[in-house]
Amino acid sequence: MADEHLRLEVLRSLRLQESSPDPSFLPLVRLAAQLTACPSCVLSVLESEVVRPLAWWGWPSDAMPREATMCAQMISQSSVLVVPDARKDPRFMHLPSVNGPLGVRFYAAAAIQVDGEVVGVLCVLHTEPSTLSSVQCQSLQELAELAASLLIQGRQRREADDHAQRLYDLARASGDWMWELDAQGCCTWISGDIQAVTGVHPRELLGSPMPPEWLVDDKGEPLNPPQLLSDLLATRRPLSRVLSRWDAPQGPVWLSRSALPVFDAQGGFVGYRGTARNMSSKLVAQQHRREQDERLQRLSAEVPGALVQFVVPAEGGDPRYLYVSAGLSRWIAPVPEGTTALAPFGPADDMVPDDQARWRAALKRSVNSLRPLQVEYRRRSGRGPQRWFETRASAQRLPDGSTVFHGFTADITERRNLEASRLENEVLRREKAAAEAANVAKSEFLSRASHELRTPLNAVVGFAQLMTLDTANPLPPEQAHRLVGLRSAGQRLLDLVNDVLDVARIEAGGLKLKKECVDLGPVVATCLVTMRPMAAAREVVLLAELTESAAVCGDAMAVEQVLINLLSNAIKYNRHGGGPP
């Protein structure tokens, strides 16, 4: 069983199952039939279950089960097998090819051996009994060996084709096309793929020097000083991923070239063989990314804050910062890219301890829920006092389980100060409103209380005045004296109540003065009438000396009140029986 496995491995290495009947074997089978004087010849391969013909002459081409053919005998036989009459041979007389419609009587075969294993059979057949001479047997054996040589050559050819295809695929993998130069730098071969990239057909370049190509750096810019690819090829050294620019007819093309110098057996330089890869799209994309990065840097430098990008590992812990712009560098230094830190600025020790705990708790909630991160915290800065910062970022889960955040950090110190000022102003406003409400309540109380007090006081003072002026029923001297005191005290209390009312009206804004021309004659006359009883009681003489045009600018009621107050004070504090000097 082990030998059969090895035989089938050799047969598979020939890859005959991939081939249809091979016409290259037809001359061989026809020659075998002629040399053996047989009408039919078949060259077959012995597969695991069937015998499959590769070429035949005068014989049907159908495959047959291996055990139903005489060829199966050849697996274990190395010499030529000759069967003069199969109908009389007990090994084959029962086979369908013998006792069936084909009626095979004569059969002779030679094994086809490859790598020491029988992989096929070259056989001749006749419907009449026959035999072979020793020369014919030798010829059949030699033809079988020739068939084996052809099979081995086919295998070698296919292996060479595979090797060539493999080399071609590897070259294609390392470049978009291949090229070859002679010792003078002229193109001797270029693969057709160059036309798809540059629009130039290979035949336009064959026999001519390579078009001039300027060497460039990794950004696609010419080297300084300028250098041509031909200068580099003149050194006859290997090239590896050398970047150059070719101004092709359809536009500039950036190329990456790799090549090896070729030398003959005597060490003479023959030329170059190499590959070329189109790098135009890659360099354009890199330039676009650089422009985007520069644009992002310029924009981030103008915003009042810093752009941040950080990733939290799947196992948790402090984030690792991938990018931090310099928008807040005037206040605090950003952490370097790739650094693992609690916050994007400065060491964790600079953060207020309570804020450190709040930062980590907010970050953990955002990692678990993938909800946006928003946290405010305070940091100490070597350039000034403690400042407030706010970080906002959106969360995104990565395939490895880590979480990446894209966000923004802003200095909110001024905002927090404004909020504190607004809170303080709100407290002051409330305190002021409370004081004003208390003042209004006080004024209202005083107004009501004064009104309630003035009514009975007016009655007391009025009745005291009537009793004093009642000459029909005079009081005894002692009671009259007491009545004078009662009247004086009542009048004093009434004056105090009136003053309180005036103050309450002023505080409440209820006392409104008019600005007009006031004739003092009527006002003074009214005041004298009002104060005459008080003056008579003190035997004080009241005199008024006014010109006809005496007038003031003011409120008539207020002027009258002022004059009454002045007269009242003059009477009260004058001597008894006094008068003008």
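Residues numbered from 1 in each chain as written. Predicted model: local features only at pLDDT ≥ 70, side-chain atom pairs only at ≥ 80, totals over all residues. Heavy atoms only, no water.

Visitor: Teacher, can you tell me more about the sheet that holds strand β12 (residues 269-278) here?
Guide: Whether parallel or antiparallel, the strands of a sheet pair through hydrogen bonds between backbone atoms. The sheet built from six strands is open, its strands ordered β8-β7-β12-β11-β10-β9 with antiparallel pairing. On the outer flanks of this sheet lie β8 (187-190) and β9 (213-215), each paired with one strand and no other. Taking each pair of neighbouring strands and ignoring which way they run, the sheet shows an average axis angle of 35°. (Pairing = 2+ DSSP bridges. Helix = DSSP H or I, 4+ residues; strand = E, 2+ residues; numbered from the N terminus. Axes fitted to C-alpha atoms, helices over the stretch in contact; angles between N-to-C directions.)

Visitor: Would you mind going over the side chain of D85 with me for this structure?
Guide: Mapped onto the secondary structure, D85 falls in the loop between β4 (81-83) and α3 (96-99). Here R105 takes part through its side chain, which lies 2.8 Å from a polar atom of the side chain of D85. Other than its neighbours up to four places away in sequence, D85 contacts R105 and P129. (Polar contact = N/O pair within 3.5 Å; in protein donor to acceptor, adjacent residues only side chain to side chain. Contact = heavy atoms within 4.5 Å.)

Visitor: What is the right way to look at the pattern of salt bridges in this model?
Guide: Pairs may arise between side chains of opposite charge once their charged atoms sit close together. Applying the stated rule across the entire model yields 23 salt bridges. The salt bridge partner of R66 is E67, with a shortest N-O separation of 3.8 Å. For R257, the salt bridge goes to E213, with nearest N and O atoms at 2.6 Å. Here E213 lies in strand β9 and R257 lies in strand β11 (residues 251-263), a separation of 44 residues in the sequence. Exposure class is identical for R257 and E213. Each is buried. (Salt bridge = Lys/Arg side-chain N within 4 Å of Asp/Glu carboxyl O. Buried < 20%, exposed > 50% of the residue type's maximum accessible area, 1.4 Å probe, protein only.)

Visitor: Any chance you could explain empty space enclosed by the protein here in plain terms?
Guide: The method is simple in principle: a probe with the dimensions of a water molecule rolls over the atoms, and the space it marks as empty is what remains. Inspection of the entire model under this criterion finds two cavities of 30 Å³ or more. In this model, the largest cavity occupies a volume close to 200 Å³. Those elements that provide at least two residues to the lining of the largest cavity are β1 (40-46), β2 (50-57) and β6 (117-126). Across the lining of the largest cavity, the residue classes tally to 12 nonpolar, three polar and one charged. (1 Å grid on protein atoms, 1.4 Å probe; cavity = no way out; pocket = protein on both sides within 12 Å on 5 of 7 lines; lining within 4 Å. Points joined across faces, edges and corners; volume = space filled by probe spheres on them. Nonpolar A, V, L, I, M, F, W, Y, C, P; charged D, E, K, R; others polar.)

Visitor: Teacher, can you tell me more about the pairing of strand β10 (residues 239-248) here?
Guide: A regular strand carries its side chains on alternate faces of the sheet. As defined by bridge partners, β9 adjoins β10 across three bridges and the pair is classed as antiparallel. Within β10, the position partnered with L215 by the bridge is S244. Inspection of the sheet shows β10 paired to β11 by eight bridges, in the antiparallel sense. Bridge pairing in β11 places S244 opposite L255. Between β10 and the antiparallel strand that follows it, β11, lie two residues.

Visitor: What am I meant to see in the sheet that holds strand β5 (residues 106-114) here?
Guide: What the six strands build is an open sheet, ordered β3-β2-β1-β6-β5-β4; its pairing is antiparallel. At either margin of the open sheet sits one strand with a lone partner, and together these are β3 (64-65) and β4. When β1 meets β6, the two strands line up antiparallel, connected through six bridges. The partner of S40 across the bridge, within β6, is L125. Contacts from helix α2 (residues 26-36) reach β1, β2 and β6 within the one sheet, and its direction differs from that of β2 by about 80°.

Visitor: Honestly, the pairing of β6 in this entry has me stumped. Any pointers?
Guide: Counting buried positions along β6 yields nine of 10 residues, so the element is predominantly enclosed. By the bridge criterion, nine bridges tie β5 to β6 in an arrangement that is antiparallel. Bridging from a neighbouring strand, A110 pairs with L122 of β6.

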